[in-house]
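# Secondary and tertiary structure notes
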Amino acid sequence: DAKTTQPTSMDCAEGRAANLPCNHSTISGNEYVYWYRQIHSQGPQYIIHGLKNNETNEMASLIITEDRKSSTLILPHATLRDTAVYYCIVRDYGGATNKLIFGTGTLLAVQP
Amino acid sequence: DTGVSQNPRHKITKRGQNVTFRCDPISEHNRLYWYRQTLGQGPEFLTYFQNEAQLEKSRLLSDRFSAERPKGSFSTLEIQRTEQGDSAMYLCASSLFGDSNQPQHFGDGTRLSIL
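Bear in mind that the values here come from a model prediction, so they are computed numbers and not experimental data. (Residues numbered from 1 in each chain as written. Chains lettered and ligands numbered in written order. Predicted model: local features only at pLDDT ≥ 70, side-chain atom pairs only at ≥ 80, totals over all residues. Heavy atoms only, no water.)

## Let's talk about the interface of chain B and chain A
Contact with chain B, which involves 23 residues of that partner, is made by 22 residues of chain A. In this assembly, chain B packs against chain A so that about 1,700 Å² is buried in total across both faces, 49% of it on carbon and sulfur atoms. For the interface between chain B and chain A, the tally reads one salt bridge. At the junction of chain B with chain A, the criterion picks out six residue pairs in polar contact (both at pLDDT 80 or more). Among the secondary structure elements, those contributing two or more residues to the side of chain B that touches chain A are strand 4 (31-37), strand 5 (44-50) and strand 10 (105-106) of chain B. The class makeup of the residues in the side of chain B that touches chain A is eight nonpolar, ten polar and five charged. (Contact = heavy atoms within 4.5 Å. Buried area = accessible area lost by both parts, 1.4 Å probe. Salt bridge = Lys/Arg side-chain N within 4 Å of Asp/Glu carboxyl O. Polar contact = N/O pair within 3.5 Å; in protein donor to acceptor, adjacent residues only side chain to side chain. Helix = DSSP H or I, 4+ residues; strand = E, 2+ residues; numbered from the N terminus. Nonpolar A, V, L, I, M, F, W, Y, C, P; charged D, E, K, R; others polar.)

As structure tokens, then:
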């Protein structure tokens, strides 16, 4: 089973920041937080990942709370093309299991 | 930079037929994964390879399913005697071994429809 909890859906106005929350209260010390998104009829697209520090790349920022029990993915200026299902996944670093365990994600609808 | 390539993109077949899908990973990636995704659900792990060795298989991978990666490059997933429940999107992903937190990169999948 997925170790994360996300809202089923969210709306965001075009041009505004989209903040997508994720709860992972049972995360262990060796587990990273990964974010992927999936646009309709495409495969999941990697966005960003982090362990305990906040991370930023050209697509998004990832804010992880100090206790690591939750995180927020931030799309700073959402566009219509950001409409997708966003998945938050925790994955063991260095463990024998290499699979990603997806939940049902958050459907982000960016409104014009 | 070529990403993960999957062929065919769509496959329609009659129940009971055999089907085979192909995945070409990113060229330097030595880990390759197969996932299955049904409507409204997130992808579910099926199996993964490190080079040509198949290292893990999910219980979802029944004996009608077989995956190979003979030369450690491309991979094939075959489903024998297809059933209605096999209708799904089959996704392939690849990653680079050496640093376990390297992300997996996905192809756009093969959508299988069983008539």
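Moving on from the coordinates now.
## Let's talk about the state of the cysteines
Residues and elements named next belong to chain A. What the rule picks out here adds up to two disulfides over all chains. Here C22 is linked by a disulfide to C88, with a sulfur-sulfur distance of 2.1 Å. Looking along the S-S bond of the C22-C88 disulfide, the torsion reads about -85°, which is the left-handed sense. Linking C22 in strand 2 (residues 18-23) with C88 in strand 8 (residues 84-92), this pair joins segments that are 66 residues apart in sequence. Judged on exposure class, the residue C22 and its partner C88 are both buried. No disulfide involves C12; its sulfur sits 18 Å from that of C22, the nearest cysteine. Taking the relative accessible area as the measure of exposure, C12 reaches 9% and is therefore buried. (Disulfide = S-S within 2.5 Å. Buried < 20%, exposed > 50% of the residue type's maximum accessible area, 1.4 Å probe, protein only.)

## Digging into the environment of C23 of chain B
Residue and element names in this part refer to chain B. In this fold, C23 is placed in strand 3 (residues 19-24). The exposure class assigned to C23 is buried, which follows from its relative accessible area of 0%. With 19 residues separating them along the chain, C23 and V4 place their C-alpha atoms 7.2 Å apart.

## Considering the packing of aromatic side chains
A complete count under the given rule lists twelve aromatic pairs over all chains for this structure. Taking 5.7 Å as the distance between ring centres and 90° as the angle between the ring planes, the aromatic pair formed by Y36 of chain A and F106 of chain B counts as edge-to-face. Of the two residues, Y36 of chain A is situated in strand 3 (residues 31-38) and F106 of chain B in strand 10; the pairing between them involves two chains. One exposure class covers both Y36 of chain A and F106 of chain B, and it is buried. An angle of 75° between the planes, with centres 5.9 Å apart, marks the rings of Y35 of chain B and F45 of chain B as edge-to-face. One end of the pair, Y35 of chain B, is in strand 4; the other, F45 of chain B, is in strand 5, with ten residues separating them in the sequence. Each member of the aromatic cluster is reached from another via a ring pair, and the members are Y36, Y46, Y87 and F102 of chain A together with Y35, F45 and F106 of chain B. Above the ring of F74 of chain B, the side-chain terminus of R22 of chain B is found at 3.9 Å from the ring centroid. (Phe/Tyr/Trp six-rings, centres within 6.5 Å; stacked < 30°, edge-to-face > 60°. Lys NZ or Arg CZ within 6 Å of the ring centre and 35° of its normal.)

## What to know about the sheet that holds strand 7 (residues 65-68) of chain B
Residue and element names in this part refer to chain B. One open sheet holds the four strands; their spatial order is 1-3-8-7, and the pairing between them is antiparallel. Of all strands in the sheet, those with a lone pairing partner are strand 1 (5-7) and strand 7, marking the two edges. Sheet twist, expressed as the mean angle between neighbouring strand axes with direction ignored, is 15°. (Pairing = 2+ DSSP bridges. Axes fitted to C-alpha atoms, helices over the stretch in contact; angles between N-to-C directions.)

## Considerations on the pattern of salt bridges
Counting across every chain of the model gives six salt bridges over all chains. Across the pair E56 of chain B and K99 of chain A runs a salt bridge whose closest N-O atoms are separated by 3.5 Å. Taken together, the residues E56 of chain B in strand 6 (residues 53-57) and K99 of chain A in the loop between strand 8 and strand 9 (106-111) connect one chain to another. The exposure class of E56 of chain B is buried, given its relative accessible area of 18%. What makes K99 of chain A partly exposed here is its relative accessible area of 26%.

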